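Structural description and commentary
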Amino acid sequence: MPYFIRHERIWPLKGLLQLAATILLVLSLLSAASARGQGGIEIKSFALEATRKSYQISIDAEIQLNSTLEQALEKGITLYFVSKFTLIDSRWYWLDEEVARSKQRIGLSYHALTRQYRLSGRRMMSQGFDTLQEALQVLGRQHNMPIEISVPLKPGKEYAATLQVWLDISRLAKPFQLEWFSSDDWNLSSEKKEWHIKLPVFPQNLP
């Protein structure tokens, strides 16, 4: 009576580890591509400096738009991005008080006639860019922004600080504000960073 022997392939341990590593690499690449497609804002660095008689901040952030926001730009909709830094005096005996802030709003738009992306804001001259990526890189680099002080600050004292960058939905037309409630595509914001910071001392060599 004939009989058959079934041969099964047995994967060696090294091969299984290589296969697992390949799968993890592919999944990580797909996850990164998905994150880029969804858009996002990530604060990379922050600096607080003392000037002649006040303070200024510099922010470096990575800003990526999703396809919905890119299409909105191409249709002539201006997107406004806000960067806000605050200093808070945390008092155990009373309510916390905001003692200083720096807030900047920059508009990002696309002009079909010139095929250029433009940035405009209160503290900056209007700038044109050939590609969206170039405009976003400059938008993310906001340097030497002055701080508005509401009460006298004490150098060397520790304050609570907050920092966030986000897409300002309130500046959009009403139909797009309504769409924001039903879609996450318009909800573009960095994480709100919170930490404690001491003010730098004013340089002695400044006049």
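Details of the structure are given in the entry above.
First, a word on scope: everything that follows refers to the structure included in this document. What you see is a predicted model; the values in this text were computed from it and never measured. (Residues numbered from 1 in each chain as written. Predicted model: local features only at pLDDT ≥ 70, side-chain atom pairs only at ≥ 80, totals over all residues. Heavy atoms only, no water.)

1. Examining the sheet that holds strand 1 (residues 40–50)
Strands in a sheet are paired, the pairing made by backbone hydrogen bonds, and the direction either parallel or antiparallel. Here we have 3 strands laid out as an open sheet, ordered 1-2-7, and antiparallel in their pairing. Of all the strands in the sheet, the pair left with one neighbour each is strand 1 and strand 7 (141–146). Here the strands of the sheet are splayed against their neighbours by 20° on average, with no regard to which way each runs. Here 4 bridges tie strand 2 (residues 55–64) to strand 7, and the two strands are oriented antiparallel to one another. The residue bridging isoleucine 57 from the neighbouring strand is methionine 145, located in strand 7. (Pairing = 2+ DSSP bridges. Helix = DSSP H or I, 4+ residues; strand = E, 2+ residues; numbered from the N terminus. Axes fitted to C-alpha atoms, helices over the stretch in contact; angles between N-to-C directions.)

2. So, a nonpolar patch on the surface
Taken together, the side chains of Trp92, Tyr93, Trp94 and Leu95 present a nonpolar region at the surface, about 670 Å² in accessible area. Its location among the elements puts leucine 95 in the loop between strand 3 (79–89) and strand 4 (97–111). (Patch = residues over 30% accessible without salt bridge, like charges linked within 9 Å, V, L, I, M, F, W, Y side chains within 5 Å. Areas by Shrake-Rupley, 256 points an atom, 1.4 Å probe, with all protein chains shown as cover. Salt bridge = Lys/Arg side-chain N within 4 Å of Asp/Glu carboxyl O.)

3. Side note on the environment of glycine 121
Looking at where glycine 121 falls in the secondary structure, it is placed in strand 5 (residues 116–121). The spatial distance from the C-alpha of glycine 121 to the C-alpha of isoleucine 106 is 4.6 Å, given a sequence separation of 15 residues.

4. Description of the pattern of salt bridges
Evaluation of the coordinates by the stated rule reveals 6 salt bridges. Across the pair aspartate 168 and arginine 105 runs a salt bridge, and its minimum N-O distance is 3.0 Å. A residue pair is termed long-range when its members are at least 10 positions apart, and aspartate 168 in the loop between strand 9 (158–167) and helix 4 (174–182) and arginine 105 in strand 4 qualify at 63 residues. Because the salt bridges share partners, they merge into one network encompassing Glu42, Lys44 and Glu62.

5. So, helix 2 (residues 67–74)
Buried residues of helix 2: Thr68, Leu69, Ala72 and Leu73, and no others. With its buried residues spanning 140° around the axis, helix 2 presents them on a single face. Considering only its buried residues, helix 2 is in contact with strand 3, strand 4, strand 5, helix 3 (132–140) and strand 9. A positive phi of about 95° marks glycine 76, the residue just after helix 2. (Buried < 20%, exposed > 50% of the residue type's maximum accessible area, 1.4 Å probe, protein only. Arc of directions from axis to C-beta. Contact = heavy atoms within 4.5 Å.)

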